[in-house]
Amino acid sequence: MDDSLVPGAWVRHPARPDWGLGQVQSAIGDRVTVNFENAGKLLINTSVVSLTVTDPDDAP
C-alpha cells in the first residue's frame, strides 16, 4: 500500500477523471475507500489501480 493513502488524503483516479476529486475514507492493505465528488463512495483495490495523491486546490 502507498503510505500517502491515509484517511483525509485527496486523490484522483487516473483512468476516471470524470469522477473528480476524491477523499480517502479508510485504507486497509490494498483496499482503499474513497469518496469521489462525482461518483460517490467507492472501494478501490490499489494493487490494480494506482490512485494519484493530489492537492485539492490544484486544477484537474
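Basis of the calculations
Residues numbered from 1 in each chain as written. Predicted model: local features only at pLDDT ≥ 70, side-chain atom pairs only at ≥ 80, totals over all residues. Heavy atoms only, no water. Helix = DSSP H or I, 4+ residues; strand = E, 2+ residues; numbered from the N terminus. Contact = heavy atoms within 4.5 Å. Buried < 20%, exposed > 50% of the residue type's maximum accessible area, 1.4 Å probe, protein only. Core = buried A, V, L, I, M, F, W, Y, C linked by side-chain atoms within 4.5 Å.

**Considerations on the side chain of Thr33**
Here's step 1: One can find Thr33 in strand 3 (residues 31–36).
Here's step 2: For Thr33, the contacting residues outside a window of four places in its chain are Gln23, Val24, Gln25, Ser26, Lys41, Leu42 and Leu43.

**Brief notes about the side chain of Thr46**
Here's step 1: Structurally, Thr46 can be placed in the loop between strand 4 (40–45) and strand 5 (52–53).
Here's step 2: Using a relative accessible area of 16% as the deciding quantity, one classes Thr46 as buried.

**Some details on the nonpolar core**
Here's step 1: Core analysis: the largest hydrophobic core is formed by 11 residues, namely Leu5, Ala9, Val11, Trp19, Val24, Val32, Val34, Phe36, Ile44, Val49 and Leu51.
Here's step 2: The leading source of residues in this core is strand 3, at 3 residues.
Here's step 3: In this view, Phe36 contacts Val11, His13, Trp19, Gly20, Leu21, Gly22, Leu42, Ile44 and Leu51; residues no more than four positions away in its chain are not counted.

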